[in-house]
Amino acid sequence: MRLAAVETDRAVGDAGRPTVYELRQVTKSYGRGAIRALDTVDLQLKSGSFSAIIGPSGCGKSTLLKIMAGLVPPTSGRVVLNGTPVMGPRRDIGMMFQQATLFPWRTTIENVVLPIEIRDGATAAKAAHGRARALLELVGLGGFETVYPDKLSGGMAQRAAICRMLVTEPAMLLLDEPFSALDELSRDFMNMELQRICLEKDATAFLVTHSIPEAVILSDTVYVMSPRPGRFVEIIDIDLPRPRTLDMLTDPRLGAYVRRIRSLLDEGAFQ
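This structure is a prediction, so every number in the text was calculated from the model and none was measured.

### Considerations on the overall build of the chain
Each helix and strand in the chain was counted, giving 10 helices and 11 strands. Taken over C-alpha atoms, the radius of gyration comes to 19 Å for the chain, in line with the 18 Å a tight globule of 271 residues would show. Principal-axis analysis of the C-alpha atoms places the extent of the chain at approximately 50 × 45 × 35 Å. Looking at the chain as a whole, 52% of its 271 residues qualify as buried. Sequence separation of at least 24 residues holds for 71% of the intrachain contacts in the chain that already meet a minimum separation of 6. With an accessible surface of roughly 12,800 Å², the chain has 54% of that area assigned to carbon and sulfur atoms.

### Side note on the confidence of the model for the chain
Chain-level statistics for the chain give a pLDDT mean of 87 and a share of 93% at 70 or above. Note that pLDDT drops below 50 for residues 3-13; the model gives that stretch 15 contacts with residues more than four away or on any other chain.

### Observations regarding the environment of Phe50
Inspection of the secondary structure assignment puts Phe50 in strand S4 (residues 50-54). Residue Phe50 is classed as buried on the basis of its relative accessible area, which comes to 5%. Note: C-alpha distance between Phe50 and Phe206 (156 residues apart in sequence) is 6.0 Å. Those residues in contact with Phe50, other than ones at most four positions away along the chain, are Leu175, Leu194, Cys198, Ala205, Leu207, Leu218, Ser219, Asp220, Thr221 and Arg242.

### Regarding unusual backbone geometry
Geometrically, the link from Arg228 to Pro229 is a cis peptide bond, its omega value of 0° lying close to zero. Residue Arg242 is joined to Pro243 through a cis peptide bond whose omega torsion reads 0°. Relative to the elements of secondary structure, Pro243 occurs in the loop between strand S11 (232-237) and helix H10 (252-269). Of note, Asn82 is a non-glycine position whose phi angle comes to about 50°, a positive value. Residue class for Asn82 comes out partly exposed when judged on its relative accessible area of 46%. Unlike most non-glycine residues, Glu169 shows phi in positive territory, near 55°.

### Topic: the nonpolar core
Among the nonpolar cores identified, the biggest contains 58 residues, and Phe50, Leu175, Val216, Val224 and Ile261 are the most heavily contacted of them. Ranked by residue count, the leading element in this core is helix H7 (residues 154-166), at 8 residues. When neighbours within four sequence positions are excluded, Val216 is seen to be in contact with Val222, Ile238, Leu240, Arg244, Leu254, Tyr257, Val258 and Ile261. Leu45, Met68, Ile93 and Met225 belong to the second-largest nonpolar core, a separate cluster that totals 28 residues.

### So, the pairing of strand S9 (residues 205-208)
Neither face of S9 is exposed, since Ala205 and Leu207 on one face and Phe206 and Val208 on the opposite face are all buried. Here S4 runs beside S9; their pairing, made up of 4 bridges, is parallel. Directly across from Ser51, in S9, lies its bridge partner Phe206. As judged from the 4 bridges shared by strand S8 (residues 172-176) and S9, these two strands associate in the parallel manner.

### Examining the side chain of Arg106
On the secondary structure map, Arg106 appears in the loop between strand S7 (93-96) and helix H3 (108-112). In this view, Arg106 contacts Asn111, Leu114, Glu117, Tyr148 and Pro149; residues no more than four positions away in its chain are not counted.

Reading the values: rules and limits
Residues numbered from 1 in each chain as written. Predicted model: local features only at pLDDT ≥ 70, side-chain atom pairs only at ≥ 80, totals over all residues. Heavy atoms only, no water. Helix = DSSP H or I, 4+ residues; strand = E, 2+ residues; numbered from the N terminus. Rg over C-alpha atoms; globule rule 2.2 N^0.38 Å. Buried < 20%, exposed > 50% of the residue type's maximum accessible area, 1.4 Å probe, protein only. Contact = heavy atoms within 4.5 Å. Areas by Shrake-Rupley, 256 points an atom, 1.4 Å probe, with all protein chains shown as cover. pLDDT = per-residue confidence, 0-100. Core = buried A, V, L, I, M, F, W, Y, C linked by side-chain atoms within 4.5 Å. Pairing = 2+ DSSP bridges.

And the structure:
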C-alpha cells in the first residue's frame, strides 16, 4: 500500500525524473531455501530522490542493501542501475557504513581518494586531490586535508567518509545507518549535513535506519518493512518542504508520519 502525499512542486519535479535504480521481484533465501530473508521486493528510485527503509531487527534491511550494492546476489529477481543489471560491486555505487573506517596511517585526503587509488592506481588518486579538496570544503573539513584520523572527532570522521563515498561520483548512494554510533546532537547535525550535501549534489540516496524521526526528516519516501521474510507493507510519501530543519522534529505534520510508521511497526511485531 502506498500513502500518497499532497502534491508539491518537488513531487511534480520528481515525477518527471528518470528512474535510476530498480528492483524487480527480488527475493533472498539462505540454507537451500530453508530461510527466506526477503519476500518479493519491488522498488523504483528516481534521480535525485532520498528514500529510507525502516523495519524491525532481522527483517532483511541490511540484506536488501547488500543486494543493491552488488555484494550479495538475489535468489531471484533483477536489480538494475541506469538500465544495466547489477551483477557485483560497481564504480557507480557508493556505500557508507555505521563506522567511518578510516585508515589511521593515511591522512584525511589520502583516505578520501583511497577508492580511486584502489581502482585506478596512485597516479589517478593524486590527480583526484583537487576533487577531494572541494568535497572536504563542502562538508566543512577544509584545512584538515593532512590531518590523521586520530585528530578527527566522530562527526568529522563520518564527514570524511561521506567525501570518500562521493569522490568517485557514484550514481547511487547506499547508507547503512551511517550516524548510529554518534551521540544524539552529532547525529542530528550530521543528518542535516547529509541532506545539504545530497541536495547540493542532486544525489540519489537510500538509507537503512532504525530511527523513525530520522527516516521521516531526511526522506521523500519511507519504505516500511515487515518482519522476516521482509516485504514492503507500506510506502509513505513524505510531504514536507525542503530543506528540512531540526525545528521540524516538533512539527505536528512530522509527528503524524512518525506515529503512522510506529503503528505499522507495532502491528508487525505481533503478527
